[in-house]
Amino acid sequence: MSLFASPAMTPGPSKAAISNDMTARAIPAGSVPPIAAKPTDPFVRAGPNMPVALRRRLPRFATSFFLIGGDIASYLIAYFALLSFLPSGSESAIVERTFAIAALAAIVLYASAGLYPGYRLHDHEHLRRRTIAAVKVAVLAAFGAIILPEGERLLLAVIGFLALGLIVQPFVHWLARGLCWKLGMWGERAVVIGGCNLTPALVAHFKNRWQYGIRPEPFSPDTLEALPDGVPSIAVIAGDTGSLVPDLAALRRKFAEVILLSDTPSLKVSGLRPADVGGEIGIRLTTGGSWVNSDPVRRTLDLAIAIPAMIVVAPFIAFAAAAIYAIDPGPVFFRHTREGRSGKPVHVLKLRTMYQDAEQRLEALFRDNPTMRAEWLSHFKLKDDPRILPVIGHMLRSSSIDELPQLANIISGQMAIVGPRPFPEYHLLAMDGEFRNKRRSVTPGLTGLWQISERSNADIELQQQLDEFYIDNRSLWFDCQILLSTIPAVFKRRGAY
């Protein structure tokens, strides 16, 4: 895990892509062209004589304007959705003014929480800050209900208005952010300084995940003095940062912010936080001891979600079970023993999506096709798997409906809604023992980080990296964000097979 890094929903590029070059010196002169004198930033093109500081801030101001407009639109949507339930006449005018004040207060709190534009924040951090702001406004509304005459009549309406706005805002925020990206305003330009293999991986990583708010450009520190005015405001340094120490003073003069990405392969601990000790930079180790993240709270939320969900999905499970039996008569449920918390076995329940002689079919396939065996050893999955039942098997797996019976595992306490997926023993044997111990420290989940980001496309190393990132940054807000992201990930069906 990086000690100094811009946060993101997923960790940086896979260690497999960069491990051979973590100690490389920065890119030699000439291997990467210097930053062009005419950057693509529309504000730079529009105002070449504008002061550099103002030129750097204008995109942030413009992006913040779009995001604030999106939040205003979200509250308007919430208002019109509740319009039919609101009183008419003079009381309607009071409600409208109350809603306007509540929306204004929430937006002011969003701004004070750094959500405009909110670059380099986890998605779950966005959710946490927005929810806290909405709760603060709701608390103020509750005080107003106590103090003002007949104010209690407005309290329920204000809470509903804020809650509905909070539900709509992520979608509208996504649209506003995408529009800013299309207009070339989203994010801050950043140069990436690292080894010759590391730099392209980081540039590709930030380009693919443009939502983080970093617009990367490869760069060699040997061209530092030749940089024109209007350079990117951020420098991201990765790899052997010690060899760049003599250049740090010059980099700090040239860039408004310098981010050091420091990989620590020998320091596998969770809870890393920056600390200021007498002016010295340090690392503070903390534990997730907050009552909000405690096991009883998580267990209560798991049951509150799993029990109603089981009632709702029971007819779908019954229909799928009937289809499985019609294609391949036999048991329609499949129980597989996997490793759970503290190493205890978990009997994971799934709808059967394979033929009953699946193991024999797999062995025969490996004998005749070494390429398929190599794919299996890399992912422990096959894109063209001859074991899967026709039609119904592929449909259940791509939609993850075959996993729904695991709601029973959650109700029984063997699993959680969110957590690292419980893997078979053969899968775990491909991972190192230290990581397996870390996995045993948390309860396995129905959905997890790599399920919403890569799904079956992730190889063993990337699966391990994503799970490790989740465990090191585990929180109730992170779980909420993963849970909310699971639904669109399932509908997209990307990487599911």
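Structure: above.
Keep in mind that what you see is a predicted model, and the values were worked out from it rather than measured. (Residues numbered from 1 in each chain as written. Predicted model: local features only at pLDDT ≥ 70, side-chain atom pairs only at ≥ 80, totals over all residues. Heavy atoms only, no water.)

With that out of the way, let us pick up the overall build of the chain. Summing up its helical and strand segments, the chain has 18 helices and ten strands in all. Evaluated residue by residue, the chain yields a buried proportion of 47% over its 497 residues. In the chain, the share of contacts with a sequence separation of at least 24, taken over all contacts with a separation of at least 6, comes to 75%. For the chain, the accessible surface area stands at approximately 25200 Å², while carbon and sulfur atoms represent 63% of it. (Helix = DSSP H or I, 4+ residues; strand = E, 2+ residues; numbered from the N terminus. Buried < 20%, exposed > 50% of the residue type's maximum accessible area, 1.4 Å probe, protein only. Contact = heavy atoms within 4.5 Å. Areas by Shrake-Rupley, 256 points an atom, 1.4 Å probe, with all protein chains shown as cover.)

Turning next to a nonpolar patch on the surface. Among the surface-exposed residues, V135, V139, L140, F143, I146 and I147 lie close enough to one another that they form a single nonpolar patch of about 650 Å² accessible area. Mapped onto the secondary structure, I146 falls in helix α5 (residues 123–147). Here I146 falls in the exposed class, since its relative accessible area comes to 68%. (Patch = residues over 30% accessible without salt bridge, like charges linked within 9 Å, V, L, I, M, F, W, Y side chains within 5 Å. Salt bridge = Lys/Arg side-chain N within 4 Å of Asp/Glu carboxyl O.)

Next up on the list: the pairing of strand β3 (residues 234–238). Along any regular strand the residues' side chains alternate between the sheet's two faces. Burial within β3 is extensive, with five of its five residues counted as buried. Here β3 shows a buried face lined by I234, V236 and A238 and a second buried face lined by A235 and I237. Two elements, strand β1 (residues 188–193) and β3, share four bridges in a ladder whose sense is parallel. Following the sheet pairing, V192 is matched in β3 by V236. Pairing analysis gives five bridges linking β3 to strand β4 (residues 257–261), with the strands arranged parallel. Bridge pairing links I234 to E257 in β4. (Pairing = 2+ DSSP bridges.)

Turning next to the nonpolar core. Membership of the largest hydrophobic core comes to 43 residues, with the highest contact counts inside it found for I324, I410, L449, Y470 and I482. Here Y470 is in contact with V418, G419, P420, L449, F478, D479 and I482, once residues within four sequence places are set aside. Grouped together as the second largest cluster of nonpolar side chains are 32 residues, A103, Y110, L121 and L162 included. (Core = buried A, V, L, I, M, F, W, Y, C linked by side-chain atoms within 4.5 Å.)

Moving on, we get to the pairing of strand β2 (residues 214–218). Of all five residues in β2, four are buried, a share of seventy percent or more. Sheet topology places β1 next to β2; five bridges connect them, and they run parallel. When the sheet's bridge partners are listed, A190 is paired in β2 with P216.

Our focus in this paragraph is the side chain of S399. Assignment of secondary structure puts S399 in helix α12 (residues 392–399). Within the structure, the side chain of S399 is placed 2.7 Å from the backbone oxygen of M395, a separation counted as a polar contact. (Polar contact = N/O pair within 3.5 Å; in protein donor to acceptor, adjacent residues only side chain to side chain.)

By the definition in use, this model includes ten aromatic pairs. Taken together, a centroid distance of 4.7 Å and an interplanar angle of 10 degrees make the contact between W181 and W210 stacked. Remark: W210 occurs in the loop between α7 (198–208) and β2 and W181 occurs in helix α6 (residues 152–182); sequence separation between them is 29 residues. Since its relative accessible area comes to 40%, W181 is described here as partly exposed. Taken together through their ring pairs, the aromatic side chains of Y75, Y79, F80, F99 and F161 make up a single cluster. In this arrangement the basic side chain of R130 is found over the ring face of Y110, its NZ or CZ atom lying 4.6 Å from the centre. Note that R361 overlies the ring of Y355, its terminal NZ or CZ placed 3.9 Å from the centroid. (Phe/Tyr/Trp six-rings, centres within 6.5 Å; stacked < 30°, edge-to-face > 60°. Lys NZ or Arg CZ within 6 Å of the ring centre and 35° of its normal.)

A word on the sheet that holds β4. An order of β2-β1-β3-β4 is seen for the four strands of this open sheet, with the pairing classed as parallel. Pairing within the sheet leaves two strands with one partner each, and these edge strands are β2 and β4. When the angles between neighbouring strand axes are averaged without regard to direction, this sheet yields 30 degrees. The sheet contacts of α7 involve β1, β2, β3 and β4, and relative to β2 the element is tilted by about 155 degrees. (Axes fitted to C-alpha atoms, helices over the stretch in contact; angles between N-to-C directions.)

Across the eight residues that make up α12, a large majority, six, are buried. Where α12 is concerned, the buried positions are I392, G393, L396, R397, S398 and S399. S400 sits one or two residues past α12 and shows a positive phi near 65 degrees.

The next subject is the pattern of salt bridges. Going through the model one piece at a time under the given rule, you end up with 19 salt bridges. In this structure, R341 engages D295 in a salt bridge whose closest nitrogen and oxygen atoms are separated by 3.4 Å. Here D295 lies in helix α9 (residues 295–327) and R341 lies in the loop between β7 (333–339) and β8 (345–351), a separation of 46 residues in the sequence. By relative accessible area, which is 30% here, R341 ends up partly exposed.

Turning to its location among the elements, K207 is positioned in helix α7. Among the residues examined, K207 registers a relative accessible area of 52% and is labelled exposed. Sequence spacing of K207 and E217 is ten residues, and the spatial spacing of their C-alpha atoms is 9.5 Å.

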